[in-house]
Amino acid sequence: MTTSTPEYAATYVVEPAQNNAPAPYSGLGAAPAPAPLAALTPQQQGWLALAEAKNNLFTQLQAGELAVQAQVSELPACTPEKPEALTANLKVLQDRIATAKKIAAEHKEMRLAFTTAITDKIIKPAMEFEQRSATLIATAGTRELEMRKAASEIAQKDAETKREENALVVHISNEQIRIANDYRQALLLRVHQFYIACLNDKTATPDFKDLEGALREIKPGVMAKFQRRLVTYERATELLSAMIAYDPNADLQAVINNAIPNKFAMYAEDLKNAEAAAKKAEADATQQAEQAKEETTQEMAINILMGQAETAAVDAPRVKRKLEAIEENTQAWAFAVISNFVKNIAQCAPKLRVKTWGALKVSQMAKALAELAGETGEMFQGMTFKEIEK
Amino acid sequence: MSTASPNSLQVVNVRFYRDLEFSDYMRMPGYSFSWLKSGGQKIEPTPKMQLGTKVHNYLLSAREYLHAEGHELVRPLAVSLKGVLAPVLRYCSPELAVTADFVCQGMVLHYKGRIDLPVISKPHLSLVIDIKVTENDLRRSIDFFGYHNQVNGYALSIGAQRRVIISVNPKNGVTQVIPIAYTDDFWKMAVLKYGKPI
């Protein structure tokens with residue numbers, strides 16, 4: 001199979017391995033043979049000197065350990081039955097311990113002189129890289145939180161606007177239902193009053209033109225105002241125009257064309273027993289009005305329920321908020337934490353992560369109380385909290 | 001005269017059963033949504049399902065709610081739901097059992113359902129309300145469990161023009177109200193799969 005070779009490969013020439021060449025250091029096999037000191041760079045020589053210093057130190061530390069061992073091994077016996085020997089032995093042991101401590105302290109000084117230099121010259125400078133990176137990442141994280149907060153606020157405002165839009169739609173719908181019902185009932189009441197009047201007056205030929213004129217005088221109500229806070233006038237107009245507008249003329253025509261003929265369908269017969277017919281008509285009208293009112297209330301109630309529906313998912317980046325106890329570093333604060341923790345031990349205990357109860361710290365108690373305060377909104381005497389956003 | 005097309009779903013022989021104990025409802029013949037979903041397998045209720053049942057019982061059939069075996073969350077969740085449902089509760093017939101025959105393409109399926117909160121009224125006022133207790137976003141639960149098909153089954157059986165699912169989250173008591181669109185595809189398929197020839 002022929003393969004194309006990248007151009008840059010032509011600049012390399014791979015020589016066959018020499019039999020006498022040292023094997024490359026793999027990190028696992030034998031270490032490479034040491035280069036002559038003169039061939040090393042000053043930096044390499046410095047590292048070599050460090051290794052030598054380390055070896056010398058370890059030799060000295062080992063010698064120190066042996067010296068300590070010599071002082072504190074083969075300890076004198078504890079002989080309470082021989083008080084004089086016990087006193088002498090105690091003096092000997094105390095001297096030996098004092099000597100051992102002195103040796104150990106001297107060697108610790110030696111070790112510190114070396115390890116402090118390592119810390120100052122190697123560990124701390126090495127850590128500075130990650131510390132600088134951490135600072136950069138933290139700065140970026142702060143910006144990211146700021147952006148998440150902004151996105152979250154926008155999403156919340158959108159959701160609030162959407163809720164207000166829903167409320168506006170429910171308001172318009174319910175107002176239309178109310179206005180329509182009131183108008184219809186006003187028309188029907190007028191028809192009913194006319195019917196009763198005709199019966200009472202024993203009118204042989206009711207003047208329907210007169211009734212129609214009276215009906216046309218009745219005007220539908222007006223919509224109650226909705227207090228807009230977030231929805232713009234343009235959007236409100238858009239929402240209103242998207243809804244089916246109430247047509248009072250259709251109701252007027254329905255009353256003229258259907259309700260009046262229906263009401264007077266048995267007028268001639270009713271006239272023959274006018275008083276009883278009027279009484280029955282009164283009862284029917286009352287029942288009809290009550291039923292219409294009930295249906296209106298029901299329709300408005302369903303509208304209110306459906307108006308609570310979410311029309312859009314709020315899927316904004318989340319900003320986590322939690323409480324953190326402000327540490328006061330006073331005895332009173334520590335006592336307040338301990339006291340509150342003990343009072344609320346049942347709720348706080350599950351929030352603790354302790355390996356040994358003996359190691360439980362006041363700061364851990366404060367952390368558990370802060371978590372509890374965040375969940376329940378409860379505040380604790382002698383403690384203050386700040387909100388942290390993540 | 002009915003002008004329904006042969007492929008449309010028709011609902012006939014509708015019967016309501018008010019105040020029917022759950023155990024009696026379970027013994028009634030008929031295909032319910034739960035049965036169709038599980039293929040007739042008995043599902044052992046999980047603790048979360050048990051909590052949902054308790055909230056249902058406390059809110060909808062208080063007679064069946066065992067206060068002694070209650071859960072500390074039941075009352076607050078029922079209160080949250082009641083806050084949303086308050087406007088319509090007086091029009092509802094809680095835990096109404098219903099049977100009906102669903103007919104499609106010459107096949108008939110005997111349906112049964114127990115509706116949380118139906119409003120039986122004139123068509124434009126009729127409504128099915130179903131209640132769920134879920135930690136998840138309700139939209140996800142609807143998609144995952146097919147609750148829209150359950151609610152549409154209820155709505156078909158009582159002729160309700162509007163359908164809505166209301167959920168409460170047991171973690172924070174937050175409620176969600178999701179209106180459900182009409183679809184009868186699931187029930188047509190059920191009639192064809194499990195129904196009998198007329």
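Source: prediction; values computed, not measured. (Residues numbered from 1 in each chain as written. Chains lettered and ligands numbered in written order. Predicted model: local features only at pLDDT ≥ 70, side-chain atom pairs only at ≥ 80, totals over all residues. Heavy atoms only, no water.)

### A short note on the overall build of chain A
Along chain A, the regular secondary structure elements total 10 helices and two strands. Helices and strands appear in chain A in the N-to-C order α-α-α-α-α-α-α-β-α-α-α-β. The buried share of chain A, taken over its 390 residues, is 25%. Considering only contacts in chain A between residues 6 or more positions apart, those separated by 24 or more positions represent 81%. Summed over its atoms, the accessible surface of chain A is roughly 27700 Å², and 58% of this surface lies on carbon and sulfur atoms. (Helix = DSSP H or I, 4+ residues; strand = E, 2+ residues; numbered from the N terminus. Buried < 20%, exposed > 50% of the residue type's maximum accessible area, 1.4 Å probe, protein only. Contact = heavy atoms within 4.5 Å. Areas by Shrake-Rupley, 256 points an atom, 1.4 Å probe, with all protein chains shown as cover.)

### Describing the pattern of salt bridges
Pairing of side chains with opposite charge becomes possible as their charged atoms draw close. All names here are of chain A. On inspection of all chains with the given rule, the structure shows 24 salt bridges over all chains. Between Lys162 and Glu165 there is a salt bridge; the shortest N-O distance is 3.3 Å. Of this pair, Lys162 and Glu165 both sit in helix H2 (residues 83-201), three residues apart, which is roughly one turn of that helix. One salt bridge connects Asp182 with Arg178, and the closest N-O pair in it is separated by 3.4 Å. Of this pair, Asp182 and Arg178 both sit in helix H2, four residues apart, roughly one helical turn. Arg178 sits in the partly exposed class, given a relative accessible area of 27%. (Salt bridge = Lys/Arg side-chain N within 4 Å of Asp/Glu carboxyl O.)

### What about the sheet that holds strand E4 (residues 117-119) of chain B?
Ordered by their spatial adjacency, four strands build an open sheet running E4-E5-E6-E7 (chain B), and the pairing between neighbours is mixed. Only two strands of the sheet have a single neighbouring strand rather than two, namely E4 and strand E7 (175-179) of chain B. Across the sheet, the axes of successive neighbouring strands diverge by a mean angle of 15°, strand direction being ignored. Judged from the three bridges that link them, E4 of chain B and strand E5 (residues 127-133) of chain B form a sheet pairing that is antiparallel. Bridge pairing in E5 of chain B links Leu117 of chain B to Ile129 of chain B. Against the sheet, helix H7 (residues 274-307) of chain A makes contact with E4, E5, strand E6 (162-168) and E7 of chain B, and its axis sits at roughly 50° relative to E6 of chain B, the strand it touches most. (Pairing = 2+ DSSP bridges. Axes fitted to C-alpha atoms, helices over the stretch in contact; angles between N-to-C directions.)

### A closer look at the packing of aromatic side chains
Evaluated as defined, the whole model comprises 19 aromatic pairs over all chains. When the ring of Phe194 of chain A is compared with that of Phe208 of chain A, the centres are 6.3 Å apart and the planes differ by 50°; the resulting orientation is tilted. Taken together, the residues Phe194 of chain A in helix H2 and Phe208 of chain A in helix H3 (residues 208-217) connect sequence positions 14 residues apart. Residue classification places Phe194 of chain A among the buried positions, given a relative accessible area of 10%. Judged by centre distance (6.1 Å) and plane angle (35°), the ring pair of Phe22 of chain B and Tyr25 of chain B falls under tilted. Taken together, the residues span about one helical turn, with Phe22 of chain B and Tyr25 of chain B both in helix H1 (residues 22-27) at a distance of three residues. Linked through ring pairs, Phe194, Tyr195, Phe208, Phe264 and Tyr267 of chain A together constitute an aromatic cluster. Across from the ring centre of Phe58 of chain A, 4.6 Å away, lies the NZ or CZ of Lys54 of chain A, which sits over that ring. Taking the ring centre of Tyr25 of chain B as reference, the NZ or CZ of Lys112 of chain B above it sits at 4.6 Å. (Phe/Tyr/Trp six-rings, centres within 6.5 Å; stacked < 30°, edge-to-face > 60°. Lys NZ or Arg CZ within 6 Å of the ring centre and 35° of its normal.)

### Topic: helix H8 (residues 331-343) of chain A
Residue and element names in this part refer to chain A. Given a rise of 1.5 Å per residue, 13 residues ought to cover 18 Å, and the 18 Å separating the end C-alpha atoms of H8 matches this to within 8%. Of the residues making up H8, those classed as buried are Trp333, Ala334, Ala336, Val337, Asn340 and Phe341. All buried residues of H8 fall inside an arc of 160° around its axis, so they share one side. Residues of H8 that are exposed and point more than 90 degrees away from the buried face comprise Gln331, Ala332, Phe335, Val342 and Lys343. Residues of H8 that are buried sit in contact with helix H9 (345-348) and helix H10 (362-376). (Expected span 1.5 Å × (residues − 1). Arc of directions from axis to C-beta.)

### Some words on the confidence of the model for chain A
Residue and element names in this part refer to chain A. Put simply, chain A has an average pLDDT of 86, and 88% of its residues get 70 or more. Low pLDDT (under 50) marks residues 1-29, which in the prediction has three contacts with non-local residues, meaning those over four places away or in another chain. Note on residues 312-316: pLDDT under 50 across the span, and six contacts to partners over four residues away in sequence or across chains. (pLDDT = per-residue confidence, 0-100.)

### Description of the environment of Ile165 of chain B
All names here are of chain B. Note on placement: Ile165 falls in strand E6. Separated by 27 residues in the primary sequence, Ile165 and Leu138 place their C-alpha atoms 8.5 Å from one another. With residues up to four places along the chain from it excluded, the contact list for Ile165 reads Asp130, Lys132, Leu138, Ile142, Tyr147, Val151, Gln176, Val177, Ile178 and Ile180.

### Some details on the sheet that holds strand E3 (residues 107-115) of chain B
All names here are of chain B. Spatial ordering of the open sheet is given by E1-E2-E3-E8, a layout of four strands whose pairing is antiparallel. Each of the sheet's edge strands pairs with one partner strand only, and the pair in question is strand E1 (10-17) and strand E8 (196-197). In this sheet, strand E2 (residues 96-104) lies alongside E1 in antiparallel orientation, the contact comprising six bridges. If you follow Arg15 over to E2, its bridge partner there is Thr99. The sheet strands contacting helix H6 (residues 147-158) are E1, E2 and E3, and the helix crosses E3 at an angle near 105°. Across the face of the sheet, helix H7 (residues 185-194) comes into contact with E2, E3 and E8 while running at roughly 125° to E3.

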